[in-house]
Amino acid sequence: MAIELPSPPKIGMVSLGCPKNLVDSERILTKLRSDGYGLSPDYAGADVVLVNTCGFLDSAKEESLEAIAEAIAENGRVIVTGCMGDEADKIRARFPNVLAITGAHQYEEVVGAVHEAAPVPPSPYVDLVPEAGLKLTPRHYSYLKISEGCNHRCSFCIIPSIRGDLVSRRPDAILREAEKLVAAGTRELLVISQDTSAYGLDLRHKSFPLKGGGEVRAHMTDLARELGKLDAWVRLHYVYPYPHVDQVIPLMAEGLVLPYLDIPFQHASPRVLKAMKRPANDAKVLERLAAWRAVCPDIAVRSSFVVGFPGETEEDFQYLLDWLDEAQLDRVGAFRFEPVAGAAANDLPGAVPEEVKEERYARIMERTAAISAAKLEAKIGRTLDVIIDVVDGEGGATGRSKADAPDIDGEVHLRDAEKLAPGDIVRVEIEDADEHDLFGVQSPS
């Protein structure tokens with residue numbers, strides 16, 4: 001008589017916030033899957049729903065609270081984790097029936113809470129976890145978190161109070177994870193942290209042995225070089241412009257690392273940067289941008305900026321616009337300043353009226369869209385490498401060039417792409433462009 005295995009409890013997951021939260025969600029689900037749990041794509045089929053919250057801005061907190069409310073209404077059995085876990089009293093006051101609340105990257109506590117809420121029937125016959133773990137991103141790209149926490153104390157940010165100071169992972173462990181991801185089908189590794197440039201500082205840039213012989217130093221440049229040997233695109237995010245970033249640019253010129261830097265400048269006015277307590281705000285950024293482009297002409301630089309920071313004057317904002325005209329950044333995001341509970345910036349004088357924030361936001365987006373449109377128009381007629389993300393089944397496909405990170409940058413839209421599949425990397429002739437996207441067709445060569 002055949003053994004009938006009991007059905008395992010199923011877990012639903014709502015993951016909010018940044019890619020670092022997404023990686024946390026993947027790790028939690030991977031551990032739960034290894035413990036025998038199933039996964040549910042909807043509320044109805046879940047025995048327990050996990051809500052991984054974001055607490056960076058008040059608007060993000062409100063979105064998290066709305067997600068918790070929805071999960072409780074649709075399912076009723078909810079465990080809360082993530083950045084808002086530090087505000088357990090606030091969550092319990094509004095949702096007294098949540099099963100458990102844990103903080104950011106507290107994997108063991110989350111898994112323990114799930115085991116208590118919905119224990120798995122014991123079975124020695126079940127082994128359901130793929131070698132690379134479970135992923136919430138498409139198979140062909142993966143976020144690779146290299147550290148937790150941050151040593152900076154920017155006046156508008158509460159991340160250090162939530163996630164603590166910098167804690168770097170060992171480089172050999174990062175490389176082992178990256179190798180597994182590539183072996184499982186990852187074509188693009190997106191390196192993330194709170195401060196990628198500071199990687200290894202807490203490890204005193206110590207060297208660690210590699211499994212195949214040799215060693216690797218816990219340093220951004222050395223790690224990037226080793227990752228570049230894995231036959232995958234390597235994209236660097238959250239890079240502060242410290243002097244040693246200059247050493248990474250030759251790796252881009254050599255093709256080991258994608259010619260792409262995500263640098264959170266946040267502003268350009270020296271007075272505002274000082275009020276923000278931004279690190280490296282005295283760097284001669286424009287000179288360094290020119291030097292980087294001299295070494296690697298195709299380098300794409302993206303950044304984000306805050307408008308309406310307390311004390312920001314029209315003169316400060318115009319300084320930022322003029323700086324952007326000179327910097328000619330490839331991709332720019334902006335957001336309006338929001339006071340976040342616990343942030344030092346809340347106590348600064350000179351609050352900017354909401355209508356002024358809106359007006360400045362509209363102006364910066366208009367200015368940067370014009371810059372982007374001109375830079376993309378210059379790519380018409382070129383042939384670029386493109387990684388395919390989606391094939392629509394009607395002859396079209398959508399992908400990204402080396403200058404485009406998923407979800408935050410532009411896309412490349414292809415015609416006559418019936419034979420392509422997600423994860424393919426193809427040469428594309430660029431035929432047209434708009435403010436943010438490129439359009440083309442696969443090159444016959």
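From a predicted model like this one, the values you see are computed outputs, not experimental measurements.

Chemist: Give a description of the overall build of the protein chain that names residues and reports values.
Modeler: Each helix and strand in the protein chain was counted, giving twelve helices and 20 strands. For 445 residues, the compact-globule estimate of 2.2 N^0.38 gives 22 Å, and the C-alpha radius of gyration of the protein chain, at 23 Å, lies within 12% of that figure. Overall, the protein chain is about 75 × 60 × 50 Å in size when its C-alpha atoms are taken along their principal axes. For the protein chain, the residues scored as buried account for 52% of the 445 residues in total. Long-range contacts, defined as pairs at least 24 residues apart, comprise 73% of the intrachain contacts of the protein chain with a sequence gap of at least 6.

Chemist: Outline the sheet that holds strand 17 (residues 397-401), listing residues and values.
Modeler: Around the barrel, which closes on itself, the five strands sit in the order 16-17-18-20-19 with mixed pairing between neighbours. Taking the axes of each pair of neighbouring strands and ignoring which way they run, one obtains an average angle of 50 degrees across the sheet. Pairing of strand 16 (residues 383-391) with strand 17 involves five bridges; the strand directions are antiparallel. Directly across from Ile388, in strand 17, lies its bridge partner Gly399.

Chemist: Lay out the environment of Lys357 with the relevant residues and their values.
Modeler: Relative to the helices and strands, Lys357 is located in helix 12 (residues 354-377). A relative accessible area of 4% places Lys357 in the buried class. In this view, Lys357 contacts Val307, Gly308, Arg336, Phe337 and Val352; residues no more than four positions away in its chain are not counted.

Chemist: A description of the pairing of strand 14 (residues 300-307) should follow, citing residues and the corresponding values.
Modeler: Most of strand 14 is tucked away, with eight of its eight residues classed as buried. On strand 14, burial covers both faces: Ala300, Arg302, Ser304 and Val306 on one face and Val301, Ser303, Phe305 and Val307 on the other are all buried. Sheet topology places strand 13 (residues 260-262) next to strand 14; three bridges connect them, and they run parallel. Across the sheet, residue Asp262 finds its bridge partner in strand 14, namely Arg302.

Chemist: Give me the lowdown on the sheet that holds strand 1 (residues 10-15), citing residues and values where you can.
Modeler: The five strands are arranged 2-1-3-4-5 in an open sheet whose pairing can be described as parallel. For this open sheet the edge positions go to strand 2 (38-39) and strand 5 (100-101), each flanked by a neighbour on one side alone. Pairing analysis gives five bridges linking strand 1 to strand 3 (residues 48-53), with the strands arranged parallel. Looking across to strand 3, one finds that Gly12 is bridged to Val49.

Chemist: Tell me what's going on with the side chain of Asp316, and back it up with residues and numbers.
Modeler: Its location among the elements puts Asp316 in helix 11 (residues 314-327). One polar contact links Asp316 to Arg271, side chain to side chain, over a distance of 2.4 Å.

Chemist: Any chance you could break down the environment of Arg153 for me, citing the residues and the numbers?
Modeler: Tracing the backbone through its elements, the reader meets Arg153 in the loop between strand 7 (147-148) and helix 5 (159-163). Classification of Arg153 by relative accessible area gives partly exposed; the value is 47%. Separated by 190 residues in the primary sequence, Arg153 and Ala343 have C-alpha atoms spaced 9.5 Å apart. Excluding anything up to four places from it in sequence, Arg153 contacts Pro160, Asp165 and Lys277. In terms of polar contacts, Arg153 uses its side chain to reach the backbone carbonyl oxygen of Asn151, at 3.3 Å. Side-chain polar atoms of Arg153 contact the side chain of Asp165, separated by 2.4 Å.

Chemist: Residue-level account of the packing of aromatic side chains, with values.
Modeler: Enumeration according to the criterion identifies six aromatic pairs in this entry. With 6.1 Å between their ring centres and 65 degrees between their planes, Phe305 and Trp323 make a pair best called edge-to-face. With Phe305 in strand 14 and Trp323 in helix 11, the pair connects residues that are 18 residues apart, well separated along the chain. Consider the rings of Phe309 and Phe337, whose centres lie 5.3 Å apart with planes at 75 degrees: the pair is edge-to-face.

Chemist: Which residues make up the nonpolar core, and what values do they have?
Modeler: Leu227, Leu236, Leu261, Phe305, Trp323, Leu329 and Ile364 are the most contacted members of the largest nonpolar core, which has 49 residues in total. With six residues, helix 11 is the single largest residue contributor to this core. Apart from residues lying up to four places away in sequence, Phe305 is in contact with Phe265, Gln266, His267, Leu320, Trp323, Leu324, Leu329, Val332, Gly333, Ala334, Phe335 and Ile364. Among the nonpolar cores identified, the runner-up in size contains 17 residues, and Val49, Val51, Ile68 and Met84 belong to it.

Chemist: Explain the pattern of salt bridges to me, and be specific about the residues and the numbers.
Modeler: The full count for this structure, using the stated rule, is 32 salt bridges. The salt bridge partner of Glu148 is Lys145, with a shortest N-O separation of 2.9 Å. The same class applies to Glu148 as to Lys145, namely buried. Residue Arg176 is joined to Asp172 by a salt bridge in which the shortest nitrogen-to-oxygen separation is 3.8 Å. Here Arg176 and its partner Asp172 are both found in helix 6 (residues 171-183), four residues apart, which amounts to about one turn of the helix. Using a relative accessible area of 6% as the deciding quantity, one classes Asp172 as buried.

Analysis parameters
As a convention, each chain's residues are numbered from 1 in the sequence order in which they are written. In view of the model being predicted, local features appear only for residues whose pLDDT reaches at least 70, and side-chain atom pairs are presented and counted only at 80 or more, with totals across whole chains, interfaces and linings using the full set of residues. Hydrogens and water molecules were not included; the side-chain quantities draw on all heavy atoms of the structure. Think of it this way: any DSSP run of H or I at least four residues long counts as a helix, any run of E at least two long counts as a strand, and we number them from the N terminus. Atoms counted for the radius of gyration: C-alpha only. Globule rule: 2.2 Å times residue count to the power 0.38. The rule is simple: take the accessible area with a 1.4 Å probe, protein chains only, and divide by the maximum for that residue type; under 20% is buried, over 50% is exposed, in between is partly exposed. Contacts are residue-level and defined by heavy atoms, with any inter-residue pair within 4.5 Å sufficient. Two strands make a pair as long as DSSP finds a minimum of two bridges between them. Angles shown run from 0 to 180 degrees and are taken between the N-to-C directions of axes, each axis being a line fitted to C-alpha atoms and, for helices, limited to the stretch in contact. Identification of polar contacts relies on pairs of N or O atoms within 3.5 Å, with a donor-acceptor requirement for protein atoms, meaning one able to donate a hydrogen and the other able to accept it, and with residues adjacent in sequence counted only if both atoms are side-chain atoms. A pair of Phe, Tyr and Trp rings is counted when the ring centres sit within 6.5 Å of each other, with Trp represented by its six-membered ring. The angle between the planes then sorts it: under 30 degrees is stacked, over 60 is edge-to-face, the rest tilted. Here, nonpolar core means buried Ala, Val, Leu, Ile, Met, Phe, Trp, Tyr and Cys residues that are tied together by side-chain atoms lying within 4.5 Å of each other. Between Lys or Arg on one side and Asp or Glu on the other, a salt bridge is scored when a side-chain nitrogen of the former is within 4 Å of a carboxyl oxygen of the latter.

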